[in-house]
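Here's the letter readout for the chains.
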Amino acid sequence: GIQVEQSPPDLILQEGANSTLRCNFSDSVNNLQWFHQNPWGQLINLFYIPSGTKQNGRLSATTVATERYSLLYISSSQTTDSGVYFCAGGANNLFFGTGTRLTVIP
Amino acid sequence: ETGVTQTPRHLVMGMTNKKSLKCEQHLGHNAMYWYKQSAKKPLELMFVYNFKEQTENNSVPSRFSPECPNSSHLFLHLHTLQPEDSALYLCASSPHGGATGNLFFGSGTQLSVL
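These lines cover the structure that appears in this document, whether it is placed above or below. (Residues numbered from 1 in each chain as written. Chains lettered and ligands numbered in written order. Predicted model: local features only at pLDDT ≥ 70, side-chain atom pairs only at ≥ 80, totals over all residues. Heavy atoms only, no water.)

### Topic: the interface of chain A and chain B
At step 1: With 20 residues of chain A at the contact, the number on the chain B side is 21 residues.
At step 2: Buried area between chain A and chain B, summed over both chains or domains, comes out near 1600 Å², and the portion from carbon and sulfur atoms is 52%.
At step 3: Contact with chain B buries area across many residues of chain A, yet Gln42(A), Asn93(A) and Phe96(A) alone supply 31% of it, more than any other trio.
At step 4: If you look at where chain A meets chain B, you find 0 salt bridges.
At step 5: Taken together, the connections running from chain A to chain B amount to 7 residue pairs in polar contact (both at pLDDT 80 or more).
At step 6: Contributions of two or more residues to the side of chain A that touches chain B are made by β4 (31–37) and β5 (43–48) of chain A.
At step 7: For the side of chain A that touches chain B, the residue count by class is 9 nonpolar, 11 polar and no charged. (Contact = heavy atoms within 4.5 Å. Buried area = accessible area lost by both parts, 1.4 Å probe. Salt bridge = Lys/Arg side-chain N within 4 Å of Asp/Glu carboxyl O. Polar contact = N/O pair within 3.5 Å; in protein donor to acceptor, adjacent residues only side chain to side chain. Helix = DSSP H or I, 4+ residues; strand = E, 2+ residues; numbered from the N terminus. Nonpolar A, V, L, I, M, F, W, Y, C, P; charged D, E, K, R; others polar.)

### Looking at the nonpolar core
At step 1: By size, the foremost hydrophobic cluster in this structure holds 22 residues, and its most contacted members are Trp34(B), Phe64(B), Leu76(B) and Leu78(B).
At step 2: At the level of secondary structure, the elements contributing two or more residues to this core comprise β2 (10–13), β3 (18–25), β4 (31–37), β5 (44–50), β7 (64–70), β8 (73–79), β9 (87–94) and β11 (109–113) of chain B. (Core = buried A, V, L, I, M, F, W, Y, C linked by side-chain atoms within 4.5 Å. Buried < 20%, exposed > 50% of the residue type's maximum accessible area, 1.4 Å probe, protein only.)

### Let's talk about the state of the cysteines
At step 1: By the definition in use, this model includes 2 disulfides over all chains.
At step 2: Residue Cys23(A) pairs covalently with Cys87(A) via a disulfide, S to S 1.8 Å. Disulfide Cys23(A) to Cys87(A): torsion about the S-S bond roughly 70°, handedness right-handed. Taken as a pair, Cys23(A) in strand β3 (residues 19–25) and Cys87(A) in strand β9 (residues 83–90) lie far apart in primary sequence, 64 residues in all. Each member of the pair, Cys23(A) as well as Cys87(A), carries the same accessibility label: buried.
At step 3: The disulfide that involves Cys23(B) links it to Cys91(B), with 1.9 Å between the sulfurs. (Disulfide = S-S within 2.5 Å.)

Printed below as a string of structure tokens:
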């Protein structure tokens, strides 16, 4: 299967700070998604972004398919942004990375 | 609320027990999935059903037995599990299979095998 590498593994931010999370893929993918897992285990779909750039409020994502990576930007972070961020990609099935654990402190 | 409901939320079982996990989606999707999430490991795809037909069995031990009676319901039957099977089991659905659509997850069942 496809190998998915996420960085950084852990991130601590002061409330209001900005951050960039990265996801690298070992092979080309035609489906790429970003998820947020809250402290209660619920995975929420943030973006479906096999290529290009999308924005949703304080979050935006960019995928450069030819270079097999994607970036998730979080601006003006809030404590409710805490949790684990996963990217997943694939051709026939989705393969997940190990996630970036984000902690936003007041 | 993602439109995918899993029950129970928590389950504790002995190694000789038989139990079932249930998943129901209200999104009109045609594909459903079981994933396993263990600590410090990526989510592992276990089973995929597309239009009620199993299209993927990712080398899962036979003590895990999936059932998909229709496109809205998915079960995972458990028997003679091992302590290392303790994990969060997540159900998901998408409009259709083949990794070509948005994936929506349930809240998961936290399973502990004693």
